[in-house]
Amino acid sequence: MDLNFTAEEEAFRREVRAFIRENLPEATRRHMEQFRVATRDMIVEWARILHKKGWSTPRWPVEYGGPGWTAVQQYIFIEECQAAPSPDLLSFGVNMVGPVIYTFGSEEQKKKYLPRIANMDDWWSQGFSEPSAGSDLASLKTRAVRDGDEWVINGQKTWTTYGQYGNMIFVLARTNPEAKKQAGISFFLVDMTLPGVTVRPIQTIDGGVEVNEVFFDDVRIPLDGLVGEENKGWDYAKFLLGNERVGIARIGISKGRMRLVKELAEKTLRDGKPVMEHPRFRDRFIQTEIELKALEMTALRVLSAEASRGNTGKPDPASSVLKIRGSETQQKSTELLLDVIGEDSWPFPHLEVELRQQTPGPEFADTAAALYFNMRKVSIYGGANEVQKNIIAKMILGL
Ligand SMILES: Cc1cc2nc3c(=O)[nH]c(=O)nc-3n(C[C@H](O)[C@H](O)[C@H](O)COP(=O)(O)OP(=O)(O)OC[C@H]3O[C@@H](n4cnc5c(N)ncnc54)[C@H](O)[C@@H]3O)c2cc1C
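A quick note: this is a predicted structure, and the numbers were derived from the prediction, not measured.

**Student:** Explain the pattern of salt bridges to me, using residue names and the numbers behind them.
**Tutor:** Using the criterion set out here, one finds 24 salt bridges in the structure. Across the pair Asp 147 and Arg 220 runs a salt bridge, and its minimum N-O distance is 2.8 Å. In this pair, Asp 147 sits in strand β2 (residues 143–147) while Arg 220 sits in strand β7 (residues 211–222), placing the two residues 73 residues apart along the sequence. Given a relative accessible area of 37%, Arg 220 falls into the partly exposed group. The salt bridge partner of Glu 210 is Lys 377, with a shortest N-O separation of 2.6 Å.

**Student:** Summarise the UniProt feature "domain: Acyl-CoA dehydrogenase/oxidase N-terminal" (unreviewed entry) in the protein chain; cite the residues concerned and give the values.
**Tutor:** Here the UniProt-annotated "domain: Acyl-CoA dehydrogenase/oxidase N-terminal" (unreviewed entry) positions come out as residues 6–120. For the annotated span residues 6–120, helix accounts for 68% and strand for 0% of the residues, and the straight-line distance between the end C-alpha atoms is 33 Å.

**Student:** Report on the packing of helix α10 (residues 318–341) against helix α13 (residues 385–396), specifying residues and quantitative values.
**Tutor:** A pair of packed helices can be characterised by two numbers: the angle between their axes and the separation between those axes. Packing of α10 against α13 brings their axes to within 9 Å, and their N-to-C directions diverge by 150°. If you check the angle between α10 and α13, you find them roughly antiparallel. Classified by chirality, the crossing of α13 by α10 is left-handed. Here α10 contributes Ala 318, Ser 320, Val 321, Lys 323, Ile 324, Ser 327 and Glu 328 to the contact with α13, which in turn contributes Asn 385, Gln 388, Lys 389, Ile 391, Ile 392 and Ile 396.

**Student:** Give me unusual backbone geometry: which residues, what numbers.
**Tutor:** Only a minority of non-glycine residues have a phi that is not negative, and only a minority of peptide bonds are not trans. Omega for the peptide link from Ala 84 to Pro 85 comes to -15°, which places this bond in the cis form. Residue position: Pro 85 is located in the loop between α4 (71–83) and α5 (91–104). Phi at Met 120 takes a positive value of approximately 55°, unusual for a residue other than glycine. Topologically, Met 120 is positioned in the loop between α6 (107–118) and β1 (124–127). With a relative accessible area of 6%, Met 120 lands in the buried category. Of note in this structure, Trp 159 is not a glycine but carries a positive phi near 60°. Locating Trp 159 in the fold gives a position in the loop between β3 (150–157) and β4 (168–174).

Rules behind the numbers
Residues numbered from 1 in each chain as written. Predicted model: local features only at pLDDT ≥ 70, side-chain atom pairs only at ≥ 80, totals over all residues. Heavy atoms only, no water. Salt bridge = Lys/Arg side-chain N within 4 Å of Asp/Glu carboxyl O. Helix = DSSP H or I, 4+ residues; strand = E, 2+ residues; numbered from the N terminus. Buried < 20%, exposed > 50% of the residue type's maximum accessible area, 1.4 Å probe, protein only. UniProt positions renumbered as here; feature names shortened; annotations may be inferred. Axes fitted to C-alpha atoms, helices over the stretch in contact; angles between N-to-C directions. Parallel < 35°, antiparallel > 145°, perpendicular 65-115°, else oblique. Left-handed = near helix turned anticlockwise from the far one by under 90°. Contact = heavy atoms within 4.5 Å.

Structure representation (structure tokens):
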């Protein structure tokens, strides 16, 4: 197993880095560097810049407009984007519903939706979770009933990320209540601007509004809103969730954050000496660095194994390991950042911008606490970490 990048891969990394340096709008880069949540416009603008280059759908095959990159190239691309840092591509379109459509959708659905996903003409949301169906997703209650040449959808979804921006949502709904839980579910593409769709924001612990409740009251969609076969939606959802976990480790982001923690801890004084010279802090910093390095090696091992066996189209259960370790590292690195910034991280989001600029400490100090709280989510979404441990026990350890 060779964990080193080849000369071609290193050249590819330089090409990606140069492109990002020359094309990522400076205001966006600075915004992201200060740990602020990318705005809708920033995400769309950056996706369109990448699209012009043919890079907005990094995992898609060439026949659907993707660049046809190897798994290693995809990894390098994501790492460079995260290191820049640039806004993420909108995963719900590019990594989730896009691959479902080109794998299971009709020719009309491919023609209609794939180019719009690549150019961010549609903003997609994920309508899977419900108030009583998260980890146990198959117990979902949203219903879709066929009525003439339409489907009528009723129910409620929750935790819908960026649902406030969405004009399209992919929805799992029960089409056969008599069948065994998983067997009676179908996968729908729903226009969120239709009558009967209501989006209500949920404020989260960081003070932001990133997630929403979405209600469906007698929402009528055309028959061709169904993807693939009726009652086969669970298979498509499993395929999609496997894709969701790939790349969730966000190694590039943690690396950038750890670099910043180091830089600040070396120059910030506490009790007369740099924070980095406090043994307990130093221990935790080094431990997190080691875990991050180990995570990177694991990610490369997974890629290397995939490169030698070829893409089977099935999610690798090792992605559960990357998800757990990646989320833990993201959380630990934000804890360290908060510790270094200390009392300067007291959140002042209610202050006028001018006043905020006068707060002491590094310029992003006022966002560090919000980031710390926001990162609590990463061990929950994309399949809660406890549930990933169940997958590892069953699929890798054979327990
Ligand atoms: C910020 C954020 C954004 C999200 N965005 C979206 C989105 O856009 N679209 C969408 O559809 N969903 C989204 N989700 C929902 C997410 O997928 C669910 O929160 C997740 O699947 C967990 O479900 P739950 O919240 O209902 O918790 P529950 O399933 O009720 O779990 C509660 C606790 O019990 C544990 N647990 C549950 N089952 C088991 C088990 N079998 N073994 C061991 N422990 C178990 C869990 O690990 C967790 O600690 C988002 C969530 C968050 C936090």
